[in-house]
Amino acid sequence: MRGITIRPLHHGNMHVDLELLVTGHPELMLTRSQPKKNKVWCEVPSLTFLIDHPDGRILFDAAIHRHWEDQWLPEYKELAPYDDYTEEQLLENTLKRHKLGPEDIDYVFLSHLHVDHAGNAKLWNTCPSTRVLVHQDEYAAAANMPRDEHFFLRCDYDVPGVNFCTLSGDNEILKDVHAISVPGHTAGTMALMVHLEHAGTVILTSDACYRKDSYDYEVGSIISNDLIRWKQSLHKIKMLARAHNACVMPGHDHTLCHEGETPLRDEPKLRVEGTYD
């Protein structure tokens, strides 16, 4: 019987002020002894993960829609432009390169509904058998917004034909694939923990942990909905990582985090377009 595999996919880069992602980072924060520091215009990779499981194929997150420049609010285009990508890197073309279409995905797991993670959910509006999974608190918070705001766009999730299925708390989606509730960045952010035969346990954090520095220094982001809950969720991720000797894959970073003697301990970087099994 074939096992579970994970393939990281890279869809180009946004750019932001690094302090938006790691607000209060010790290397960026001004102090009395260092009242001047340089700003950093930071590369922010857009990542999804294709998970092949004996009982179904999962896509973790849905990246950025090709018409982002027409759809995004002006302030978001100013803060975090999606300005470094090729046509080949767009999600639908990446799937085609792997000989897949939307109809070949059984589950689309949306960590949250921000524009850079749910932008292509609308691709599944003609695939009623594909279950688009989102936390019930995330769906409710987005549905109750009177207008597009806070990096949410109704055109991403208020789409006829998309088979949204809401989750509550922590859930085992398929054997050895666990949805983990990690609110704070948004009301219903979720991570995914996957147990692999050779690579050990992997935790895909999405924006519950932007970067390795977020993990190492426990610095949240000014973009977060609730920084107290964000830190509680990061501690939950760390506890799970220690319990399972896991490799933690941050949401917008090619650099990995490790706890214990993970089989991937000697790998500092994500295997983009490679495979973990």
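Above this text you will find the structure in question.
None of the values given here were measured: they were computed from a predicted structure.

Caption draft 1: Representation of the overall build of the chain. In terms of regular secondary structure, the chain is built from nine helices and twelve strands. Here the C-alpha radius of gyration of the chain, 18 Å, is about what a compact globule of 277 residues would show, namely 19 Å. By principal-axis analysis of the C-alpha atoms, the chain measures approximately 60 × 45 × 35 Å. The proportion of buried residues among the 277 residues of the chain is 55%. Considering only intrachain contacts with a sequence separation of at least 6, the fraction spanning at least 24 residues in the chain is 69%. For the chain, the computed accessible surface area is about 12,300 Å², with 49% contributed by carbon and sulfur atoms. Across the chain, the centroid of the 27 positively charged side chains sits 3 Å from that of the 42 negatively charged ones.

Caption draft 2: Region of the structure containing the nonpolar core. Formed by 29 residues in total, the largest nonpolar core has its most connected members in Phe109, Leu192, Met249 and Tyr276. No other element matches strand S9 (residues 190–196), which puts four residues into this core. Ranked by size, the runner-up nonpolar core spans 25 residues in total, among them Ala62, Leu110, Tyr157 and Val162.

Caption draft 3: Quick look at the pattern of salt bridges. Applying the stated criterion to the full structure yields 14 salt bridges. When the shortest N-O distance is used, the salt bridge between Glu87 and Arg66 registers 2.7 Å. One end of the pair, Glu87, is in the loop between helix H3 (74–79) and helix H4 (91–97); the other, Arg66, is in the loop between strand S3 (56–60) and helix H2 (68–71), with 21 residues separating them in the sequence. The partly exposed category is assigned to Glu87, whose relative accessible area is 46%. Judged by its relative accessible area of 28%, Arg66 falls in the partly exposed class. We note a salt bridge from Lys175 to Asp176, for which the minimum N-O separation is 3.8 Å.

Caption draft 4: Molecular detail of the sheet that holds strand S11 (residues 247–250). Spatial strand order, S7-S8-S9-S10-S11-S12: six strands in an open sheet with mixed pairing. Two strands bound the open sheet, and with one partner strand each, they are strand S7 (171–174) and strand S12 (257–258). Pairing of strand S10 (residues 200–206) with S11, which is carried by four bridges, proceeds in the parallel orientation. Considered in S11, the bridge of Ser206 is made with Pro250. The sheet strands contacting helix H9 (residues 227–244) are strand S8 (177–181), S9, S10 and S11, and the helix crosses S10 at an angle near 170°.

Caption draft 5: Main features of the packing of aromatic side chains. Throughout the structure, instances matching the rule amount to eight aromatic pairs. With a centroid separation of 5.2 Å and an interplanar angle of 45°, the aromatic rings of Tyr139 and Phe164 are classed as tilted. Of this pair, Tyr139 sits in helix H6 (residues 136–143) while Phe164 is found in strand S6 (residues 164–167), placing the two residues 25 residues apart along the sequence. A relative accessible area of 16% places Phe164 in the buried class. Grouping aromatic residues by their ring pairs yields a cluster made of Trp68, Trp72, Tyr76, Tyr82, Tyr85 and Phe151.

Caption draft 6: Highlighting the environment of Met249. Tracing the sequence through the fold places Met249 in strand S11. Look at Met249 and you get buried, because its relative accessible area is 2%. The sequence separation of Met249 and Asp277 amounts to 28 residues, and the corresponding C-alpha distance is 15 Å. Residue contacts for Met249: discarding those within four places in its chain leaves Phe49, Val202, Ile203, Leu204, Thr205, Leu256, Leu270 and Tyr276.

Caption draft 7: Quick look at the pairing of strand S5 (residues 131–135). Counting buried residues in S5 gives four out of five residues, a clear majority hidden from the surface. Bridge analysis of S5 against S6 gives four bridges, and the strand direction is parallel. Bridging across to S6, His135 finds its partner in Leu167.

Caption draft 8: The arrangement of the state of the cysteines in detail. On inspection of all chains with the given rule, the structure shows zero disulfides. Distance from the sulfur of Cys127, which forms no disulfide, to the nearest cysteine sulfur (Cys165) is 13 Å. Residue Cys127 is classed as buried on the basis of its relative accessible area of 7%. The thiol sulfur of Cys257 is not disulfide-bonded, and the nearest other cysteine sulfur, from Cys209, lies at 5.3 Å. For Cys257, a relative accessible area of 1% corresponds to the buried category.

Cut-offs applied
Residues numbered from 1 in each chain as written. Predicted model: local features only at pLDDT ≥ 70, side-chain atom pairs only at ≥ 80, totals over all residues. Heavy atoms only, no water. Helix = DSSP H or I, 4+ residues; strand = E, 2+ residues; numbered from the N terminus. Rg over C-alpha atoms; globule rule 2.2 N^0.38 Å. Buried < 20%, exposed > 50% of the residue type's maximum accessible area, 1.4 Å probe, protein only. Contact = heavy atoms within 4.5 Å. Areas by Shrake-Rupley, 256 points an atom, 1.4 Å probe, with all protein chains shown as cover. Lys, Arg positive; Asp, Glu negative; His and termini not counted. Charge placed at Lys NZ, Arg CZ, Asp CG, Glu CD. Core = buried A, V, L, I, M, F, W, Y, C linked by side-chain atoms within 4.5 Å. Salt bridge = Lys/Arg side-chain N within 4 Å of Asp/Glu carboxyl O. Pairing = 2+ DSSP bridges. Axes fitted to C-alpha atoms, helices over the stretch in contact; angles between N-to-C directions. Phe/Tyr/Trp six-rings, centres within 6.5 Å; stacked < 30°, edge-to-face > 60°. Disulfide = S-S within 2.5 Å.

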